[in-house]
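In case you want the letters, here they are:
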Amino acid sequence: MTNESSTHRPQRWDTPFGPGLSDAEIDQVIARPEFASIRAERFPAHMPLREILRNDTRIVRLDPGELIVREGDYGNSAFVILAGKARVVLAPGLPSELLGRHKTSQKGWWQTISQLWQNRRIPELRSNRRGPVPKASGDTGFEPRLFVQDIPVALDKHRTAVLEEGAIFGELAALGRVPRTTSMFAATLIELLEIRWQGLREIRRHDEGWRKRIDERYRANALQSHLLASPLFAKLDEATLAIIAAGTLFETYGSFDWHVTYKQLQRQQTPADEPVIARQGDHTDGLLLVRAGFARVVSTLGSAERTLTYLGVGEHHGLEELHEAWKSGAPRPLGTSLKAVGYVDVLRVPTALLEKHVFPAMAMPENRFAAQTARPLAEDGFMEWIVAERLMNGPRAMLIDLDRCTRCDDCVRACAATHDGNPRFTRQGKVFDHWQVTHACMHCVDPVCLIGCPTGAIHRSPQDGTVVINDSTCVGCSTCANSCPYDNIVMVAIRDGSAGVHRDSADGQPILKATKCDLCAEQATGPACVQACPHDALQRIDFRQLKGFQGLES
Amino acid sequence: MSPFGKAIHLLPLIVGALTLLGVPWLWSAQARRTLGDPAVITGWWLFGVFVLLGAFNARKKLSVLPLGRASAWLRLHVAGGFLAIALFWLHTRSLWPTGAHRQALAAAFYLLSASGIVGWLLQRTYPRQLADTGLEIIYEHIPAEIARLRNAADQLVLDTTRDAGNDTLARHYMETLHWFFRRPRFFINHAFFGSKHARAWVRQQCGVVRPYLGAVERERLESLAALAEEKLQIDFHHAAQSIMKRWLLVHLPLAAVTTILVVWHVLLVHAYGR
């Protein structure tokens with residue numbers, strides 16, 4: 001024990017979202033109409049409303065033109081306008097140059113070279129001192145204080161709407177783990193209450209009024225933005241779009257916490273057990289648009305079902321049959337079934353609305369599943385595998401060609417050399433044919449690891465959407481590691497300068513930190529694992545773009 | 001990738017190799033015509049290629065530096081290795097030089113080249129065979145996996161003895177298969193002869209006892225055979241992965257010996273050669 005040190009175990013609110021609201025500021029917030037109806041006594045003793053407001057919110061003051069949220073960024077917080085006005089940019093959004101986007105800062109030449117002697121010999125070395133309070137536990141984009149580069153141009157060329165005092169926005173991205181769908185900027189000098197998603201989750205959980213309000217707004221916002229994003233509806237005028245939005249149904253299939261039971265489901269659930277969204281042979285009453293999650297398209301083959309493909313966000317099902325029925329005047333049954341994979345949000349646009357507003361101006365759609373249906377059965381294995389293993393969730397999965405891999409572990413050593421002397425992946429994982437998907441973070445489309453992080457230490461990078469961990473705010477609770485359906489997050493005991501394990505002064509238990517692949521975001525080399533493989537056996541791939549392994553063979 | 005595509009992919013390497021060989025060849029021919037010493041030109045050229053070959057190992061240690069993909073370095077290393085052999089013959093103007101020191105240097109160089117070629121071939125051959133087993137195991141986990149199989153086999157035999165009230169299978173197991181499950185076996189056969197003898201041995205041990213077993217014991221024997229089959233796969237992984245890891249323990253020391261002899265050769269030539 002002589003070479004071990006004691007320290008204080010990090011707690012839920014050790015790192016508040018901002019400098020912390022004063023009692024007077026909390027009183028002012030609670031007195032506002034948006035918060036006045038919240039019944040504080042319904043909050044549990046360990047999670048009082050005042051402490052949520054103190055620790056999970058911060059007051060932000062912005063100048064006119066300053067960006068509040070940017071389209072495409074992964075935000076972890078929602079906003080309430082306390083004073084002033086904001087403008088929201090309607091689709092199509094502002095171009096990148098007006099939004100002042102910047103690239104991830106990589107190490108310079110000197111920083112890169114100096115790693116050769118500065119890299120620590122002791123793995124997972126951390127200072128015993130508590131790190132500085134971070135500016136934000138997430139990625140709200142406030143720290144850089146970005147401005148819309150040319151407001152007159154933005155207002156002239158782009159449709160905007162004004163949000164007044166008391167408006168709540170940003171909850172869609174904060175709770176849905178999806179990128180911001182619109183950009184918003186301060187129209188006047190503005191004062192905002194920013195609530196990180198952990199606080200928003202608690203308020204929603206314990207207050208019925210906020211829960212209803214958030215859910216209604218969530219549904220309304222999702223509907224509007226997703227209809228606008230679909231090419232089928234992009235050319236419609238605002239009035240027609242409003243009619244379609246009013247008639248569209250918002251449906252949810254599967255469990256929101258699909259990751260919790262994923263491994264159990266994997267053992268027990270066959271495709272037939274998945275919730276059916278639309279059944280082959282039935283006559284559908286509307287077009288199905290995937291809003292979040294994944295759904296598999298299946299067709300009956302013999303006495304079983306065959307996975308033809310899967311649909312992700314923005315993809316639709318049933319269009320061909322509906323259009324053909326409208327054209328011929330005779331009902332057409334669905335040629336395929338649609339089933340929820342884990343959790344999926346679906347928009348159902350009624351047939352009557354399509355026939356009246358969309359089909360007349362539309363060319364005959366091609367049968368998107370014809371190629372998959374004609375595919376040899378021998379090629380089905382790949383599709384069944386990636387759906388069964390939920391690999392379509394991974395846009396940056398690590399794939400190893402075992403026909404080339406000499407098991408030399410140069411990739412593992414390179415990873416360790418660039419990450420505190422400890423690799424951020426293990427060269428093990430699911431195998432199909434001669435391809436192995438290793439236990440390396442896939443930077444998922446639906447990053448369920450973000451759910452439940454008490455401090456927001458694990459978050460989406462605003463620059464490129466990779467999932468990264470803020471080491472200084474990680475409290476080592478293991479929630480993310482337990483949530484990851486793919487076992488790609490590893491908890492490690494941190495060490496001090498004498499290689500001793502940091503221990504909690506209260507209970508003597510080791511202090512843990514969550515670690516995972518960060519794609520070597522700061523390294524000039526890019527992912528060191530890919531660079532280090534002498535046999536080109538290892539690559540990072542996007543399973544969403546991959547419909548077979550043929551393109552990977554070389 | 002199509003054959004044409006591969007050729008295009010390798011074109012810079014081929015052109016580079018021909019240049020690296022052609023330049024010293026022409027230069028030394030020119031030196032010969034002007035009564036110069038072509039061995040000095042080819043010798044230093046060969047030394048340069050030798051340094052380049054050694055740089056591959058350095059690249060592996062410097063993964064934080066943006067030095068290009070290791071796969072490109074390996075291609076360069078392999079092409080450079082073959083080029084070094086050609087340059088060596090151009091330099092010595094014979095397959096086997098005269099003089100003890102030069103012969104020692106040539107022997108070290110040939111052994112180094114041979115170990116490199118063998119290693120390269122092994123790395124092109126074993127991975128596919130390993131993938132074909134359908135089993136993937138990390139080398140360091142092999143002892144634990146064998147222990148798991150051994151414990152499972154021991155338990156199976158104990159249960160069979162208890163359930164069948166007969167120790168025929170247990171006796172046979174202790175006399176034969178227990179030895180097999182104890183640690184990796186048939187290394188040479190797995191490594192170089194396709195595991196056929198190892199698989200035949202297991203089949204023989206299972207077959208020879210089958211006539212003496214009752215229904216329950218026969219059923220358990222099938223389970224034991226399945227465990228043995230898994231062990232065979234692990235043994236193959238052990239043999240192949242051991243060789244792929246350890247051939248470098250031959251190649252790298254030979255590289256060190258050759259380097260020392262090369263430096264000594266350069267010192268001797270420049271001290272006494274003129």
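Only a predicted model underlies this, so the values are computations on that prediction, with no experimental measurement involved. (Residues numbered from 1 in each chain as written. Chains lettered and ligands numbered in written order. Predicted model: local features only at pLDDT ≥ 70, side-chain atom pairs only at ≥ 80, totals over all residues.)

**Description of the overall build of chain B**
Phase 1 of the analysis: The secondary structure content of chain B amounts to 11 helices and 0 strands.
Phase 2 of the analysis: Beginning at the N terminus, the succession of helices and strands in chain B can be written as α-α-α-α-α-α-α-α-α-α-α.
Phase 3 of the analysis: For chain B, the C-alpha radius of gyration of 27 Å lies well beyond 19 Å, the compact-globule estimate for 274 residues.
Phase 4 of the analysis: Dimensions of chain B along its principal axes, counting C-alpha atoms only, are 95 × 45 × 35 Å.
Phase 5 of the analysis: When the 274 residues of chain B are sorted by exposure, 25% land in the buried category.
Phase 6 of the analysis: Intrachain contacts of chain B at a sequence separation of at least 6 include 77% that bridge at least 24 residues. (Helix = DSSP H or I, 4+ residues; strand = E, 2+ residues; numbered from the N terminus. Rg over C-alpha atoms; globule rule 2.2 N^0.38 Å. Buried ≥ 20, exposed ≤ 12 C-beta atoms within 10 Å, placed from the backbone. Contact = placed C-beta atoms within 7 Å.)

**A word on the sheet that holds strand S6 (residues 160-163) of chain A**
Residue and element names in this part refer to chain A.
Phase 1 of the analysis: Within the open sheet, the 4 strands sit side by side as S3-S8-S5-S6. Their pairing is antiparallel. The open sheet has two edge strands, strand S3 (67-69) and S6, and neither has a second partner. Each neighbouring strand pair of the sheet contributes to a mean axis angle of 30°, computed without reference to strand direction.
Phase 2 of the analysis: Two strands pair when backbone bridges link them, and S3 and strand S8 (residues 184-186) are joined in this way by 2 bridges, in the antiparallel orientation. Of the residues in S8, the one forming a bridge with Val69 is Met184. (Pairing = 2+ DSSP bridges. Axes fitted to C-alpha atoms, helices over the stretch in contact; angles between N-to-C directions.)

**So, the confidence of the model for chain B**
Phase 1 of the analysis: Averaged over chain B, the pLDDT score is 91; the fraction of residues at 70 or greater is 96%.
Phase 2 of the analysis: If you check the scores for this complex, the pTM reads 0.78 and the ipTM reads 0.89. (pLDDT = per-residue confidence, 0-100.)

**Quick look at the interface of chain B and chain A**
Phase 1 of the analysis: Listed by partner, the interface residues are 21 residues for chain B and 30 residues for chain A.
Phase 2 of the analysis: With 5 residues, helix H4 (residues 100-132) of chain B is the largest single contributor of residues to the side of chain B that touches chain A.
Phase 3 of the analysis: Taken together, the residues of the side of chain B that touches chain A break down into 13 nonpolar, 4 polar and 4 charged. (Nonpolar A, V, L, I, M, F, W, Y, C, P; charged D, E, K, R; others polar.)

**So, the domain arrangement of chain B**
Phase 1 of the analysis: If you check the domain split of chain B, you get domain 1 (1-95) and domain 2 (139-245).
Phase 2 of the analysis: Taking only C-alpha atoms into account, the centre of domain 1 of chain B sits 49 Å from that of domain 2 of chain B. (Domains from an automatic or database assignment.)

**Considerations on helix H12 (residues 319-328) of chain A**
Residue and element names in this part refer to chain A.
Phase 1 of the analysis: Among the residues of H12, Leu319, Glu320, Glu321, Leu322 and His323 are the ones counted as buried.
Phase 2 of the analysis: As for H12, its buried residues are in contact with strand S12 (286-301), strand S14 (316-317) and helix H13 (351-358).
Phase 3 of the analysis: Gly329 lies just past H12 and shows a positive phi near 80°.

**Examining the packing of helix H2 (residues 38-61) of chain B against helix H3 (residues 70-92) of chain B**
Residue and element names in this part refer to chain B.
Phase 1 of the analysis: Where H2 contacts H3, the axes come no closer than 9 Å and their chain directions differ by 155°. Of the possible angle classes, the one that applies to H2 and H3 is roughly antiparallel. For the crossing formed where H2 meets H3, the hand is left-handed. Two secondary-structure elements touch here, H2 through Ala39, Thr42, Gly43, Trp45, Leu46, Val49, Phe50, Leu52, Leu53, Phe56, Arg59 and Lys60 and H3 through Ala70, Trp73, Leu74, His77, Gly80, Gly81, Leu83, Ala84, Leu87, Phe88, Leu90 and His91.
Phase 2 of the analysis: Class assignment of the residues belonging to the contact of H2 with H3 gives a composition of 16 nonpolar, 6 polar and 2 charged. (Parallel < 35°, antiparallel > 145°, perpendicular 65-115°, else oblique. Left-handed = near helix turned anticlockwise from the far one by under 90°.)

**Quick notes on helix H11 (residues 248-272) of chain B**
Phase 1 of the analysis: With 25 residues, H11(B) extends 35 Å from end C-alpha to end C-alpha; this agrees with the ideal 36 Å at 1.5 Å per step.
Phase 2 of the analysis: Within H11(B), the full set of buried residues consists of B:His251, B:Leu254, B:Ala255 and B:Thr258. (Expected span 1.5 Å × (residues − 1).)

**So, the sheet that holds strand S9 (residues 190-196) of chain A**
Residues and elements named next belong to chain A.
Phase 1 of the analysis: Pairing within the open sheet is antiparallel, and its 4 strands lie in the order S2-S9-S4-S7. Where the open sheet ends on each side, the last strands, each with one partner, are strand S2 (57-62) and strand S7 (168-169).
Phase 2 of the analysis: Two elements, S2 and S9, share 6 bridges in a ladder whose sense is antiparallel. Bridged to Arg58 within S9 is Glu194.
Phase 3 of the analysis: Lying on the sheet, helix H8 (residues 197-206) is in contact with S2, strand S4 (77-83) and S9; it crosses S9 at an angle near 80°.

**Quick notes on the environment of A:Ala229**
Phase 1 of the analysis: Mapped onto the elements, A:Ala229 comes out in helix H9 (residues 208-229).
Phase 2 of the analysis: With 94 residues separating them along the chain, A:Ala229 and A:His323 place their C-alpha atoms 20 Å apart.

**Overview of the pairing of strand S18 (residues 435-439) of chain A**
Phase 1 of the analysis: Taken across its 5 residues, S18(A) has 4 buried, putting it largely inside the fold.
Phase 2 of the analysis: Turn length for the strand S17 (residues 426-432) of chain A-S18(A) hairpin, with the two strands adjacent in sequence and antiparallel, is 2 residues, and the turn residue A:Asp433 shows positive phi of about 55°.

**Focus: the environment of A:Arg204**
Residues and elements named next belong to chain A.
Phase 1 of the analysis: Along the polypeptide, Arg204 turns up in helix H8.
Phase 2 of the analysis: Look at Arg204 and you get buried, because 21 C-beta atoms sit within 10 Å.
Phase 3 of the analysis: A sequence separation of 177 residues divides Arg204 from Asp27, and the C-alpha atoms of the two residues are 20 Å apart.
Phase 4 of the analysis: Setting aside anything within four residues of it in sequence, one finds Arg204 in contact with Trp210, Arg211 and Ile214.

**Points about the nonpolar core**
Buried together is how nonpolar side chains tend to be arranged in soluble globular proteins.
Residues and elements named next belong to chain A.
Phase 1 of the analysis: By size, the foremost hydrophobic cluster in this structure holds 83 residues, and its most contacted members are Ala295, Met398, Ile458 and Cys529.
Phase 2 of the analysis: Tallying contributions element by element places S12 first for this core, with 8 residues.
Phase 3 of the analysis: Aside from chain neighbours lying at most four places away, what touches Ala295 is Ile277, Val290, Tyr310, Leu311, Leu338, Lys339, Ala340, Val341 and Val344.
Phase 4 of the analysis: In this structure, Leu21, Leu49, Phe169 and Leu200 belong to the second largest nonpolar core, which totals 33 residues. (Core = buried A, V, L, I, M, F, W, Y, C linked by C-beta atoms within 7 Å.)

**What to know about the confidence of the model for chain A**
Phase 1 of the analysis: Looking at chain A as a whole, the pLDDT averages 82, with 83% of positions reaching at least 70.
Phase 2 of the analysis: Note that residues 129-144 of chain A has pLDDT below 50 and, in this model, 40 contacts with residues that lie over four places away or in other chains.

**Brief notes about the environment of A:Ala397**
Residues and elements named next belong to chain A.
Phase 1 of the analysis: Along the chain, Ala397 turns up in strand S16 (residues 397-401).
Phase 2 of the analysis: The exposure class assigned to Ala397 is buried, which follows from the 25 C-beta atoms found within 10 Å.
Phase 3 of the analysis: Taking the C-alpha atoms as reference, Ala397 lies 8.9 Å from His439; in sequence the two are 42 residues apart.
Phase 4 of the analysis: Discounting residues that sit within four places of it in the chain, Ala397 has contacts with Leu391, Val437, Met442, Arg540, Ile541 and Phe543.

**A few points about unusual backbone geometry**
Phase 1 of the analysis: Positive phi, normally seen in glycine, also occurs at A:His443, with a value near 55°.
Phase 2 of the analysis: Topologically, A:His443 is positioned in the loop between S18 and strand S19 (458-460).
Phase 3 of the analysis: Look at A:His443 and you get buried, because 25 C-beta atoms sit within 10 Å.
Phase 4 of the analysis: One non-glycine residue, B:Arg93, lies in positive phi territory at about 55°.
Phase 5 of the analysis: Position of B:Arg93 relative to the elements: it lies in the loop between H3 and H4.

**Examining the pairing of S4(A)**
All names here are of chain A.
Phase 1 of the analysis: The buried count for S4 comes to 5 of 7 residues, which makes it a mostly enclosed element.
Phase 2 of the analysis: Note: S4 against S7, 2 bridges, orientation antiparallel. Note on S7: the bridge partner recorded for Val80 is Ile168.

**Some words on the packing of helix H5 (residues 142-164) of chain B against helix H10 (residues 215-246) of chain B**
Pairs of packed helices are described in terms of their axes, by the angle between the two and the distance that separates them.
All names here are of chain B.
Phase 1 of the analysis: At a minimum axis separation of 10 Å, H5 and H10 run at an interaxial angle of 170°. For the element pair H5 / H10, the angle class is roughly antiparallel. Of the residues in H10, those touching H5 at Ile142, Glu145, Ile146, Leu149, Ala152, Ala153, Leu156, Thr160, Asp163 and Ala164 are Val216, Glu217, Arg220, Ser223, Leu224, Leu227, Glu230, Lys231, Ile234, His237 and His238.
Phase 2 of the analysis: Class assignment of the residues belonging to the contact of H5 with H10 gives a composition of 11 nonpolar, 4 polar and 6 charged.

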